[in-house]
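# Tertiary structure, described
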Amino acid sequence: MKEVKQFFIRHFITAPIGFGSWLFFVMGAGMNIFAATGLLVAIYFGGTFTLKQIQLSSNLKKLGMSRSEYSHIKGQITGAKMKIKRLNGLYGQVRSIQAFRQLHEMNSLSRRILGLVRSNPKKFYDVEKFFYAHLDSAVELTSKYALLVNQPLKDKELRIALQNTRETLGDVNKQLEQDLRSVLASDIDQLQMEIDFVDVSMNNKKPLLEMKGDPHNDRK
């Protein structure tokens with residue numbers, strides 16, 4: 001959401017400047033329309049690029065991150081989006097209700113984790129294993145399960161392999177749940193601190209409120 005907001009801010013700033021400059025070049029300076037249009041394009045894209053760099057520097061300063069660090073995390077987020085897209089494409093290939101439910105849970109958990117990291121890139125370090133291993137395991141195991149379940153052979157060995165895969169997918173789901181808890185841990189701690197602060201503030205105010213409401217104190 002923040003990236004979308006900053007995108008519109010960049011264009012709302014550069015659009016009037018660019019077209020205002022174009023009008024000046026054509027009507028005020030008597031410049032050729034094609035030359036003025038070329039300058040318009042240069043001003044527009046140059047302005048948006050400059051503003052984007054300023055916004056990025058401001059964001060990195062608030063996050064306390066370097067550009068290389070931020071770029072690495074953005075690359076991991078892009079890769080994770082592609083992997084989740086692969087998971088989404090497997091819905092039509094699983095045959096059992098259990099496997100479908102597991103796939104749905106993995107997709108849901110993965111999207112939530114990814115969304116939280118996108119909104120706060122520093123949370124990436126709370127769930128590095130999600131990006132480097134756990135999401136890969138979910139994609140590979142589900143892909144192999146979909147491949148096996150669609151084979152015409154239904155012998156005992158294949159049924160055992162499918163059952164083992166479903167059980168392992170259950171373990172992967174539990175790991176993804178733990179990843180979600182990890183990425184939410186700092187938010188939960190912060191919320192608890194705010195609750196404790198409010199409780200302390202309210203408890204400190206209670207004696208004063210009781211004194212004001214005591215009729216004996218009023219008579220005194």
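Residues numbered from 1 in each chain as written. Predicted model: local features only at pLDDT ≥ 70, side-chain atom pairs only at ≥ 80, totals over all residues. Heavy atoms only, no water.

On to the nonpolar core, then. In terms of nonpolar packing, the biggest core is built from 35 residues, with Leu87, Met106, Val117, Val127, Phe130, Phe131 and Leu135 touching the most fellow members. Those elements that provide at least two residues to this core are helix H2 (33-63), helix H3 (67-88), helix H4 (97-119), helix H5 (128-149) and helix H6 (156-213). The biggest single contributor to this core is H5, with eight residues. Residues within four places of valine 117 in sequence aside, it is in contact with Ile77, Lys123, Phe124, Val127, Phe131 and Val183. (Core = buried A, V, L, I, M, F, W, Y, C linked by side-chain atoms within 4.5 Å. Buried < 20%, exposed > 50% of the residue type's maximum accessible area, 1.4 Å probe, protein only. Helix = DSSP H or I, 4+ residues; strand = E, 2+ residues; numbered from the N terminus. Contact = heavy atoms within 4.5 Å.)

On the surface, Val4, Phe7, Phe8 and Phe12 cluster together to form a nonpolar patch covering roughly 430 Å² of accessible area. Topologically, valine 4 is positioned in helix H1 (residues 2-28). Overall, valine 4 belongs to the partly exposed group, its relative accessible area being 44%. (Patch = residues over 30% accessible without salt bridge, like charges linked within 9 Å, V, L, I, M, F, W, Y side chains within 5 Å. Areas by Shrake-Rupley, 256 points an atom, 1.4 Å probe, with all protein chains shown as cover. Salt bridge = Lys/Arg side-chain N within 4 Å of Asp/Glu carboxyl O.)

In this section: the packing of aromatic side chains. Applying the stated criterion across every chain, the model contains six aromatic pairs. Both rings, one in phenylalanine 124 and one in tyrosine 125, keep their centres 5.5 Å apart while their planes meet at 80 degrees; by these two values the pair is edge-to-face. A ring pair is formed by phenylalanine 130 and phenylalanine 131, whose centres lie 5.1 Å apart and whose planes are at 85 degrees; its orientation type is edge-to-face. Phenylalanine 131 shares its class with phenylalanine 130; the two are buried. Here the aromatic residues Phe124, Tyr125, Phe130, Phe131 and Tyr132 are joined through ring pairs into a cluster of three or more. (Phe/Tyr/Trp six-rings, centres within 6.5 Å; stacked < 30°, edge-to-face > 60°.)

Next up on the list: the side chain of arginine 166. As for its placement among the helices and strands, arginine 166 is situated in helix H6. Within the buried set, arginine 166 has no salt-bridge partner at all; the shortest N-O distance to an opposite charge, 7.6 Å, is to glutamate 167. In terms of polar contacts, arginine 166 uses its side chain to reach the side chain of tyrosine 145, at 3.0 Å. For arginine 166, the residues in contact, after removing those within four places along its chain, are Ser96, Gln98, Gln102 and Tyr145. (Lys, Arg positive; Asp, Glu negative; His and termini not counted. Polar contact = N/O pair within 3.5 Å; in protein donor to acceptor, adjacent residues only side chain to side chain.)

Okay, the confidence of the model for the protein chain next. For the protein chain, the average pLDDT comes to 81, and 85% of its residues sit at 70 or higher. Mean pLDDT values over the elements of the protein chain span from 51, in helix H7 (residues 215-219), up to 92, in H3. (pLDDT = per-residue confidence, 0-100.)

Moving on, we get to H5. Its 22 residues place the ends of H5 31 Å apart at the C-alpha level, agreeing with the 32 Å of an ideal helix rising 1.5 Å per residue. In H5, a bend of some 35 degrees at histidine 134 exceeds every other bend along the element. Regarding H5, the residues found buried are Phe130, Phe131, His134, Leu135, Ala138, Val139, Thr142, Tyr145, Ala146 and Val149. (Expected span 1.5 Å × (residues − 1). Bend = angle between axes of the 7 residues up to and from the residue.)

Let us now look at the packing of H4 against H5. With their axes 12 Å apart at the nearest point, H4 and H5 run at an angle of 155 degrees to one another. One finds that H4 runs roughly antiparallel with respect to H5. When you trace H4 past H5, the crossing you get is left-handed. Taking contact as the criterion, the partners of Ala99, Leu103, Met106, Ser110, Ile113, Leu114 and Val117 in H4 are, on H5, Phe130, Phe131, Leu135, Ala138, Thr142 and Tyr145. Looking at side-chain class alone, the contact of H4 with H5 contains eleven nonpolar, two polar and no charged residues. (Axes fitted to C-alpha atoms, helices over the stretch in contact; angles between N-to-C directions. Parallel < 35°, antiparallel > 145°, perpendicular 65-115°, else oblique. Left-handed = near helix turned anticlockwise from the far one by under 90°. Nonpolar A, V, L, I, M, F, W, Y, C, P; charged D, E, K, R; others polar.)

All right, on to H3 then. End to end, H3 covers 31 Å across 22 residues, agreeing with the expected 32 Å (1.5 Å per residue, within 8%). Along H3, the residues classified as buried are Tyr70, Ile73, Gln76, Ile77, Ala80, Ile84 and Leu87. Buried positions in H3, seen along its axis, are confined to an arc of 120 degrees and lie on one side of it. Turned more than 90 degrees away from the buried face of H3 sit Ser68, Met82 and Lys85, all of them exposed. (Arc of directions from axis to C-beta.)

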